Amino acid sequence: MSEKIVLTCSDGTEFVVDEAVALQSQTLKHMIEDGCADNIPVPNVTAPILAKVIEYCKRHVASADPNDADLKSFYEDFVKVDQPTLFDLILAANYLDIKNLLDLTCQTVADMIKGKSPEEIRTIFNIKNDFTPEEEEQIRKDNAWAFE
Amino acid sequence: MEITIADNEDLLIEILLWVPAKSLIRFKSVCKRWLTIISSHQFSNQHTLRQRSRPRQDSSLLLRLTEKSNYFYLQSSFHVQKLVPYHFSPTLVGPITIWSFSNGLFLLQCRNTEDPFKVFHVYNPTTRQSRKILLDMNDVYICVVGLNLVFDPQESPHYKVLCVRAAKKSSSFLCRSWWRHCQIEIYESKTSSWNFCGKPFVAPRSLQFDHGIYWKGGIHWEGGYFDLQDCALRNRPRIIVPGDTGTNRLRENYMEYNGYLHNIAHFPEEKKIMIFELQNTSSEWSLKYRINVDAVSGPLSVLNIVRGEEEGDGMLVVYEAGKVRGYKLQENCVKELIDFTVDPLYLDASAQFTSDRALRLNETLAPV
């Protein structure tokens, strides 16, 4: 009978997981090792995101063999979420320090943005263009080959 | 939540480290902070290191127009169906000669500099950064007969320049010597220094030491290769062309593809191209692909060989009669990739892009 850990997310919902699942997160691992294993607050993460993260960690406990074809297809389906969810997963993976989830989600975003124009990038990340039109034009001219 | 990701620079960098180099060059114009991140030496190093773990990409090409100094970029995926003009960094002054290329870096010479025979540059065409390299001076081996860049980011972030030197023609013995006395010298970017490599050797004057290809620890030229581990010049196994093919007007190109060395042999009279493959220097060549080029009437230049995105997409990229075409390796079909006839620089009935002016460009942020 494995140890159970209770995780409380931002809105107070509690999630009960096996210790092995929680240990996938280096952040939680340190907290468990430090003895606060009864009820760990995860205030930065909302319930739906925490549920997804737990789903990921559970799958990883089952098998983390990179050559496992099932695992590959699990990853592909796992990241088929909308963009805000994907970004929230990145933030959660970062906060909880789950390296392979962070890699997976960052790579997914990278694949999503790689073909886009600078304007589209600004929209996705909500970035203000602080170049003057002349400055921006100069960058485009210098690197015209990359802009086609 | 988008705001939070963009504000968290560490996470932003984590994402950008997975984005291919070419897209990152474009993203320099997103905002000033992105420009700073992407241009930083540290990020470039990390990005190059990160790319090591990813499968090798097909190389794009930089093509130089015959008799002109215009360069064009031809991307490996052929999504963009035109040749895009490429401009070198304005810090490189004067007509540029590219001596060698290796996995995304070029070794070039600017013919208007203070000492064009002594000053060379290692140039990254993606970032347009360059580093000056001074050739060593030597009293005995005065002539430089070959300069080859050796760079493989999968092995090391540092690069080498292999310089083949020859002693001046000795006036004493024979009026005309068929041989040259040579010595190889290697420059290491790690230490910024030149060192002799191996013993002096004698090579026939016909042996060319330029346009070498770095493959499996050796620099390969048409006539042989230099093993960098043993510092010795060696021969490759001979290619045996199947009996019924004449070697009249044979044009050969050597290219690395898929980890193998390939010899692309074009027999214009028989209207075919044979592609031979070598697994390593101790194996034998095998005839891997045959391509019919019956429909070609004018000059044909082999530019590149690519894997493509799916299994079986392998193509031989050629230039003929104003078009860039892709001949599928495993099926008997050809695809038109780019129509250059619509470009203002197009000249009818002229081989405007040739194999020796097709430079492989692997987009990389690798610092020089």
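Our subject is the structure listed above.
In short, a report on the structure. Residue indices follow the written sequence of each chain, beginning from 1 at its first position. Just so you know, chain letters begin at A and ligand numbers begin at 1, following the order they were written in. In keeping with the model being predicted, local features are shown solely for residues with a pLDDT of at least 70 and side-chain atom pairs are shown and tallied solely at 80 or more, while totals for entire chains, interfaces and linings include all residues. Processing note: side-chain calculations cover all non-hydrogen atoms of the structure and skip hydrogens and water entirely.

1. Some words on the nonpolar core
So, point 1. In this description, a nonpolar core means a group of buried Ala, Val, Leu, Ile, Met, Phe, Trp, Tyr and Cys residues linked to one another through side-chain atoms lying within 4.5 Å. Buried means the residue's accessible area, taken with a 1.4 Å probe over protein chains only, is under 20% of the maximum for its type, while exposed means over 50%, and partly exposed covers the values in between. In this structure, Leu7 and Phe125 of chain A together with Leu16, Phe27, Trp34 and Phe88 of chain B are the most contacted members of the largest nonpolar core, which totals 82 residues.
So, point 2. Non-local contacts of Phe88 of chain B, meaning those with residues more than four positions away in its chain, are made with Leu62, Tyr71, Ile96, Ile98, Phe106, Leu108, Tyr123 and Arg128 of chain B.
So, point 3. Counting 19 residues, the second largest nonpolar core, distinct from the first, contains Leu61, Leu65, Leu337 and Ala358 of chain B. Contact between two residues is taken to exist if any of their heavy atoms lie within 4.5 Å; hydrogens are not considered.

2. Remarks on the state of the cysteines
Where two cysteines share a covalent bond between their sulfur atoms, that bond is called a disulfide.
Residues and elements named next belong to chain B.
So, point 1. When two cysteine sulfur atoms lie within 2.5 Å, the pair is treated as a disulfide. In total, this model carries one disulfide over all chains according to the counting rule given.
So, point 2. Bridging Cys197 to Cys231, the disulfide has an S-S length of 2.4 Å. One disulfide, between Cys197 and Cys231, carries an S-S torsion of -80° and so falls in the left-handed class. Separated by 34 residues along the polypeptide, Cys197 in strand β11 (residues 193-204) and Cys231 in the loop between β14 (224-227) and β15 (232-234) bring together distant segments of the chain.
So, point 3. Residue classification places Cys197 among the buried residues on the basis of a relative accessible area of 8%.
So, point 4. On the basis of relative accessible area, Cys231 is assigned to the partly exposed category, the value being 26%.
So, point 5. Unpaired in terms of disulfides, Cys110 finds its nearest cysteine sulfur in Cys163, a separation of 17 Å. A run of H or I in DSSP becomes a helix once it reaches four residues, and a run of E becomes a strand once it reaches two; helices and strands are each numbered from the N terminus.

3. Examining the sheet that holds strand β1 (residues 4-8) of chain A
All names here are of chain A.
So, point 1. By definition, two strands form a pair when at least two bridges between them are found by DSSP. Read from one edge of the open sheet, three strands run β2-β1-β3, paired in mixed fashion. Two strands close off the open sheet at either side, each with one partner strand: β2 (14-18) and β3 (39-41). Recorded for the sheet is a direction-independent mean angle of 30° between the axes of neighbouring strands.
So, point 2. Pairing between β1 and β2: five bridges, direction antiparallel. Bridged to Thr8 within β2 is Glu14.
So, point 3. Contacting β1 and β2, helix α3 (residues 47-62) runs over the sheet at an angle of about 5° to β2. Only the stretch in contact is used when fitting a helix axis, every axis being a line fitted to C-alpha atoms; angles between N-to-C directions are given from 0 to 180 degrees.

4. Comments concerning helix α6 (residues 99-113) of chain A
So, point 1. Over its 15 residues, α6 of chain A extends 21 Å from the first C-alpha to the last, a length consistent with the 21 Å expected when each residue adds 1.5 Å.
So, point 2. Taken together, the buried positions of α6 of chain A are occupied by Leu101, Leu102, Asp103, Leu104, Thr105, Cys106, Thr108, Val109, Ala110 and Ile113 of chain A.
So, point 3. Against α3, α4 (69-78), α5 (83-95) and α7 (118-125) of chain A together with α2 (9-16) and α3 (21-27) of chain B lie the buried residues of α6 of chain A. To estimate how far a helix should extend, the number of its residues minus one is multiplied by 1.5 Å.

5. Quick notes on the environment of Arg59 of chain A
All names here are of chain A.
So, point 1. Within the secondary structure, Arg59 is located in helix α3.
So, point 2. Taking the C-alpha atoms as reference points, Arg59 and Glu33, 26 residues apart in sequence, are found 23 Å from one another.
So, point 3. Those residues in contact with Arg59 that lie beyond four places of it in its chain are Asp68, Asp70, Leu71 and Phe74.

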